Amino acid sequence: MPETPTTLIDLRGISHEYAAGGREPELVLQDVNLSVAENDVITLLGPSGCGKSTLIRLMAGLVAPSHGEVWWKGAPLQGVCPGVAMVFQNFALFPWLNVRENVLLPVGHLPPAEQQTRLEKALATVGLGAYELSYPREISGGMKQRVGIARALIAEPAVLCMDEPFSALDVLTAETLRNEIGLLLADHKHPLRTMVMVTHSVVEAVFFATRIVVLAAHPGRIDVVLPVTLPYPRDPDSPGFRAIVAKLHAILTRTNLPDNAEDATKVVVAIDDKRRRIAPVSLPYVTPAEVLGLLSVLGDEDRDVFELTERLAKEFSAVVSVLKAAELLGLVETPGQDVRLTPLGREVLAATTRDQRRLIREQLMKLKVFELLTRLIRVQEQQVLTEEEMMRELQIALPHEKPRPLFRTLLSWGRYAELISYDQRRHAVRLYELKGPSAL
Amino acid sequence: MNSSSAHTKSAPLWVDAAVIVAAVAIVFAVVEVALEWRQPLHNAVEIDLSPWALPQYALFSLARGWIAYAFSLLFALVVASWAFYDVRARRFVLPALDVLQSIPVLGFLPGLVLALVAIFPHSNTGLELACVLMIFTGQVWNMVFSYYDALRSVPADYRALGELYGFKWWHRFGKIELPTGAQGLLYNSMVSMAGGWFFLSITEAFKLGDQDFRVPGIGSYMSIAIERGDVRAQILGVVAMAVVIVVIDRLVWWPLVVWSRRFKLDDFAGAGVETTAMQRWLGRSRAAQAIMQGCGRWFRRVLPDPQPPVSGVLAEAGSQGGLGRTIYRLLLGAMLALLAWGAIRLVILLGRVSWSDWGDIFQSAGLSFLRVVAAVALGTAWTVPVGVWIGMQPKLASRVQPFVQFAASFPAPMIYPWILALVMLVGGTLQWGAVPLIMLGTQWYILFNVAAAAAAIPNDLVSCADLLRLRGWSRWRRFLLPAIFPGLVTGWVTAAGGAWNATIVSEYVHTGDKIYMASGLGALISRATDDGNFPKLAAAVLVMAAIVVGINRTVWKRLQNYANERCRFIT
């Protein structure tokens, strides 16, 4: 047993900005420090927009950080990392190469005999022997990802990076592949020991990890690092496993669904070097139909967040967004891990479509962002606000949000509640009551 | 320019042969008749080389372009619908179109001119019409194929909906079919317009036998400027053409492209519909609104809105009246008779081609073939790396795209004398110099398609190639070349078809009072036109069409199948 395992990848003070299409660069990752040592299996878990995928690409050297350094085996990394292989969510197979050629790609420089030995081993590991001469389009999604894994393993990488490797597969196939990777980790003779995996499934994170890194979003940063010491292969039904899942649930609920929604969504924005202000509270990017759907799923009972997530068959972070929106509108409350309807929520659920609209409208008007929006429209000449102007104003008022999804969200709620109307042709917003002569 | 037509199922060889013969037959049968009827005419309009005359000439050329485009659009809609709804007609219409698009535009020239001038002996109408029709033949084919494709891809649900609501044909056309085809039709319209301009300097001013034909326009302005060696006027002509292209692009195509995006069937809800400044401006204008509403009312009065069927009876589709069927059969019969007659005349015409002339034709075809291969190969050599480089950087691509589009739309023959002067300067002859001239007009299609294909490579695959450290030649061989291959083949088909067409103007160049001629099939066609040697012209056009169709059927079709099978990205 080596006393100190060697550090392979070391992220030092990484911040990363990403500028899309001439807009203000957006901070994707902020001040991330993380090191991957030999025999580490790290899973990255977090809501969408937390920069998980960017983080794993930084480790592979596919993306260079805006600030900070990536070190590989004690030296700064230049370009693509030599010891990393990657498995992609959508497989990234070369359609013009057959299974054999795809898998052999990383070892083209080796002597043919060595290539053949490795190929046979890799194909046997993932159970692909009979498919050697098939082309990617001829095999199923599960088989494609096996090819992706075999291609990664054949290089005998020091670190195997996997970016949501099971997300594009159906549930049963994903389960099978997950178990097979678990068995590889359990097999001490197999060289695969060090792995970094992006996932959005809590169970998957616990199933593999020696360390679970929970990330928070906007900007992406490390929230909690949770070590897991269970031996491989792990049994999701064992008490130890369940205890860690529960702990992880508690962490995720605390970071994602604090008991006071108003406080949690409060964002402090710098006005200049000295002064700060609190940005108006806005809605998560969800639609009215999603929130109303949540209300009818909840019904009269209290429900556990994770049970709810499973029932809706959605990503945890997506469910959390809907919950947050409902909570902001005063329709649900979330004590601890539970979710329940408020009296208002019950009223909305029982109301007619017209009354639902009225009740939601009243709630929306209590939100600062809608107050701001109506005020903005009123001060316009002719009381019409163009889309560009609205996005510009939103970006000033809520600089931490993405203007376009925020615009769409506000538009969908505003139109649903008959607060505002939108002219598709002129890309302009006006107040609903003040609707002018019918458009062209 | 020719466009690919991957969708026409390979018809048997004899169908191709029959169609080639028939098409060429009609054209030359008309020539024969016209020759007997023609009288000495003076059709050459005086061209004023002063810059002040240019706007007027530009307007004339533009008018011809748009009139031809209107015909093309109408033809495309009618013929594509016919081929789609009449299964029996489809079997000969599609191969016929495929062949027609392979016949060089200038092959139509003498027939059209002589016939139309004969019909309108005392005015310029005939000549103008001939000019318009030649532009038409450069525009129409790919539009038909595009609209036929659109008709085929109308989702069955929409057709069912149309039936349920008792749509008459014009409702189905206006509310279902046209919106489905709008985007493809528009893209092809842009390509077509460029194809129509390509031969502008020839279609507006040419010699046929002992006659000089000329209509006022930028093309004839340019050809006169070249003939007189007036460099200032040549530059002015080129600038005017450039302005015309840019103005059409900005004022017509660009707003239409933005507008047509709303017809994307797979558009997800919530994605904002884009508009351009001009549309917003029109939207605010009271006058424009009034006009649009007026048009809307008029359309509704002329073509009443569909009424849901009163009872459960579906529309009585398919119950063609007996009279309609009889007329249809008569028309078809008349067409076949015309074809047969044309074929006989063609055989008689070809009978006058001597054996030595046939030898000459085939030898020339061989030389032109080499030039076409060289032009496509050289074009590929520089456009592939540049296209990949552009395509993989979205920012760069959007900045470069208008320039490439401009280069592709500019009628290259207008500046042939300049390029030829350069070739002469370095001591070359037209024998070799024709190759860069051919490239000038055709390489852009390869660049376009390669860049588009490179832009469509999935990001993960690029990451994967980086991680595998595929570099240098192995990156090209294992990753980039296969990834762009489908686009490359599409580019090749268009470029090669265009290159054959371009040989006609590239192997036979007028500069000043001199004529430079290379030996090749294109030069042979040009000279036969100039000399009024119709039998030889017919034979040469026939051979060229046969070569283009033959290569399409054997080489390109196979490459296309291979590319689609192997190199398309699917998830």
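Residues numbered from 1 in each chain as written. Chains lettered and ligands numbered in written order. Predicted model: local features only at pLDDT ≥ 70, side-chain atom pairs only at ≥ 80, totals over all residues.

Considerations on the overall build of chain B
A tally of helices and strands in chain B yields 21 helices and five strands. Across the 571 residues that make up chain B, the buried fraction comes to 43%. (Helix = DSSP H or I, 4+ residues; strand = E, 2+ residues; numbered from the N terminus. Buried ≥ 20, exposed ≤ 12 C-beta atoms within 10 Å, placed from the backbone.)

Observations regarding the overall build of chain A
When its secondary structure is counted, chain A shows 16 helices and 18 strands. Dimensions of chain A along its principal axes, counting C-alpha atoms only, are 80 × 50 × 50 Å. Across the 440 residues that make up chain A, the buried fraction comes to 37%. Excluding contacts between residues fewer than 6 apart, the proportion of contacts in chain A whose partners are at least 24 apart in sequence is 66%. (Contact = placed C-beta atoms within 7 Å.)

Points about the nonpolar core
Of all hydrophobic cores here, the largest spans 265 residues; its most connected members are Met59(A), Val24(B), Met134(B), Val144(B) and Ala540(B). Counting residues per element, this core draws most heavily on helix H5 (residues 125-152) of chain B, at 17 residues. Apart from residues no more than four positions distant in its own chain, Ala540(B) is found in contact with Ile361(B), Leu521(B), Leu524(B), Ile525(B) and Ala528(B). (Core = buried A, V, L, I, M, F, W, Y, C linked by C-beta atoms within 7 Å.)

Let's talk about unusual backbone geometry
Residue and element names in this part refer to chain A. Residue Pro 233 is bonded to the preceding Tyr 232 through a cis peptide linkage, with omega at -10 degrees. Positioned with a positive phi, Gln 383 is a non-glycine residue whose angle comes to about 55 degrees. Here Gln 383 shows up in the loop between helix H14 (368-379) and strand E16 (384-386). On the basis of neighbour count, Gln 383 is assigned to the partly exposed category, with 13 C-beta atoms found within 10 Å.

Here's the deal with the environment of Pro405(A)
Residue and element names in this part refer to chain A. Position of Pro 405 relative to the elements: it lies in helix H16 (residues 403-416). The partly exposed category is assigned to Pro 405, around which 13 C-beta atoms lie within 10 Å. Here the alpha-carbon distance between Pro 405 and Val 245, two residues 160 residues apart in the chain, equals 32 Å.

Focus on the domain arrangement of chain A
When the parts of a complex come together, some accessible area is lost, and that lost area is often used as the size of the interface. Residue and element names in this part refer to chain A. Taken domain by domain, chain A comprises domain 1 (7-255) and domain 2 (278-440). Just the C-alpha atoms count here: the centres of domain 1 and domain 2 sit 36 Å apart. Facing the eight residues of domain 1 at the interface are eight residues of domain 2. The element contributing the most residues to the side of domain 1 that touches domain 2 is helix H7 (residues 239-256), with three residues. (Domains from an automatic or database assignment.)

Quick look at the sheet that holds strand E14 (residues 332-333) of chain A
Residues and elements named next belong to chain A. Taken together, three strands build an open sheet; the order of strands is E13-E15-E14 and the sheet is antiparallel. The sheet terminates laterally at strand E13 (303-304) and E14, the two strands that pair on one side only. Relative to strand E15 (residues 338-341), E14 runs antiparallel, the two sharing two bridges. Paired with Val 332 across the bridge in E15 is Leu 341. (Pairing = 2+ DSSP bridges.)

Some details on the sheet that holds strand E1 (residues 7-18) of chain A
All names here are of chain A. Read from one edge to the other, the open sheet built from four strands follows the order E2-E1-E4-E5, with strand pairing classed as antiparallel. The sheet terminates laterally at strand E2 (26-37) and strand E5 (75-76), the two strands that pair on one side only. Judged from the two bridges that link them, strand E4 (residues 67-72) and E5 form a sheet pairing that is antiparallel. Within the sheet, the bridge partner assigned to Trp 72 lies in E5 and is Ala 75.

Observations concerning the domain arrangement of chain B
Residue and element names in this part refer to chain B. Annotation of chain B at the domain level lists domain 1 (1-311 + 339-351) and domain 2 (353-571). Opposite the 45 residues of domain 1 that make contact, domain 2 presents 44 residues. With six residues, the top contributor of residues to the side of domain 1 that touches domain 2 is helix H10 (residues 231-260). Classifying every residue of the side of domain 1 that touches domain 2 by side-chain character gives 30 nonpolar, ten polar and five charged. (Nonpolar A, V, L, I, M, F, W, Y, C, P; charged D, E, K, R; others polar.)

Side note on the confidence of the model for chain B
Residue and element names in this part refer to chain B. When pLDDT is averaged along chain B, the result is 80; 83% of the residues meet or exceed 70. Highest mean pLDDT in chain B belongs to helix H14 (residues 355-391) (93); lowest belongs to helix H11 (residues 277-284) (51). Here residues 1-9 scores under 50 on pLDDT; set against residues more than four positions off or in separate chains, the count is 26 contacts. Counting interchain partners and residues more than four positions distant, the pLDDT-below-50 stretch residues 309-320 has seven contacts. (pLDDT = per-residue confidence, 0-100.)

Some words on the packing of helix H17 (residues 430-455) of chain B against helix H19 (residues 472-506) of chain B
All names here are of chain B. Their axes nearest at 8 Å, the elements H17 and H19 cross at an angle of 160 degrees. Taken together, H17 and H19 sit at an angle that is classed as roughly antiparallel. In this structure, the crossing between H17 and H19 has a hand that is right-handed. Residue composition of the contact of H17 with H19, grouped by class: 18 nonpolar, eleven polar and no charged. (Axes fitted to C-alpha atoms, helices over the stretch in contact; angles between N-to-C directions. Parallel < 35°, antiparallel > 145°, perpendicular 65-115°, else oblique. Left-handed = near helix turned anticlockwise from the far one by under 90°.)

Some points on helix H4 (residues 105-119) of chain B
Compared with an ideal rise of 1.5 Å per residue, which puts 15 residues at 21 Å, H4(B) spans 21 Å between its outermost C-alpha atoms and is within 8% of the ideal. With 13 of 15 residues buried, H4(B) lies mostly within the body of the structure. (Expected span 1.5 Å × (residues − 1).)

Focus: the pairing of strand E10 (residues 221-227) of chain A
Residues and elements named next belong to chain A. Pairing between strand E9 (residues 211-216) and E10: six bridges, direction antiparallel. Paired with Ile 212 across the two strands is Leu 226, which belongs to E10. Between the antiparallel neighbours E9 and E10 lie four residues, among them His 218 with a positive phi of about 50 degrees.

What to know about the pairing of strand E5 (residues 514-517) of chain B
Residue and element names in this part refer to chain B. Pairing analysis gives four bridges linking strand E4 (residues 508-511) to E5, with the strands arranged antiparallel. The partner of Tyr 508 across the bridge, within E5, is Met 517. In sequence, E4 turns back onto E5 through a hairpin of two residues, with Gly 512 there showing a positive phi of about 55 degrees.

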